[in-house]
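# Architecture and fold: a report
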Amino acid sequence: SSDVCSSDLKKIYSSNFVAASLTDKLGVYASTPKNIFPRAVDRNKIKRRIKSIVFEVGFDSRSFGIKIIVRKDFLALNYKEAYNEISAVIKKAVL
């Protein structure tokens with residue numbers, strides 16, 4: 001497991017669709033703003049998708065957590081595109 005120093009927790013790694021930052025609370029947090037996605041169905045779908053992708057990428061949340069903030073065009077991505085976006089952001093954040 002990699003050691004994360006406190007300055008890493010302040011950094012935000014982003015793409016057009018998602019932004020991610022590391023947290024000192026363990027786990028995976030997905031933020032889906034209600035003003036961008038008014039329908040709860042969509043917000044929940046996005047959260048389920050993000051969690052499945054994060055674990056598929058192999059994110060190891062034993063030493064720190066990750067918070068992912070979703071931007072407005074995320075719903076337009078299919079699973080594969082979403083996977084590529086999120087794994088790119090996670091690699092940037094963790095490496």
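Predicted, not measured: the structure shown is a model, and the values here were computed from it. (Residues numbered from 1 in each chain as written. Predicted model: local features only at pLDDT ≥ 70, side-chain atom pairs only at ≥ 80, totals over all residues. Heavy atoms only, no water.)

## Examining the sheet that holds strand β4 (residues 65-70)
What holds strands together in a sheet is hydrogen bonding between their backbones, with the strands either parallel or antiparallel. Ordered in space as β1-β2-β4-β3, the four strands form an open sheet in which the pairing is mixed. Each end of this open sheet is capped by a strand with a single partner; those strands are β1 (13-14) and β3 (28-31). Where helix α2 (residues 40-57) meets the sheet, its contacts fall on β3 and β4, and the angle it forms with β3 comes to roughly 145°. (Pairing = 2+ DSSP bridges. Helix = DSSP H or I, 4+ residues; strand = E, 2+ residues; numbered from the N terminus. Contact = heavy atoms within 4.5 Å. Axes fitted to C-alpha atoms, helices over the stretch in contact; angles between N-to-C directions.)

## Notes on the packing of α2 against helix α3 (residues 79-94)
The contact between α2 and α3 brings their axes to 10 Å, and the two run at 60°. When the axes of α2 and α3 are compared, the pair comes out oblique. Seen along the crossing, α2 lies across α3 with a hand that is right-handed. Where α2 approaches α3, its residues Arg49, Ile50, Ser52, Ile53, Val54, Glu56 and Val57 are matched on the opposing element by Tyr79, Ala82, Tyr83, Ile86, Ser87 and Ile90. Class assignment for the residues of the contact of α2 with α3 results in nine nonpolar, two polar and two charged. (Parallel < 35°, antiparallel > 145°, perpendicular 65-115°, else oblique. Left-handed = near helix turned anticlockwise from the far one by under 90°. Nonpolar A, V, L, I, M, F, W, Y, C, P; charged D, E, K, R; others polar.)

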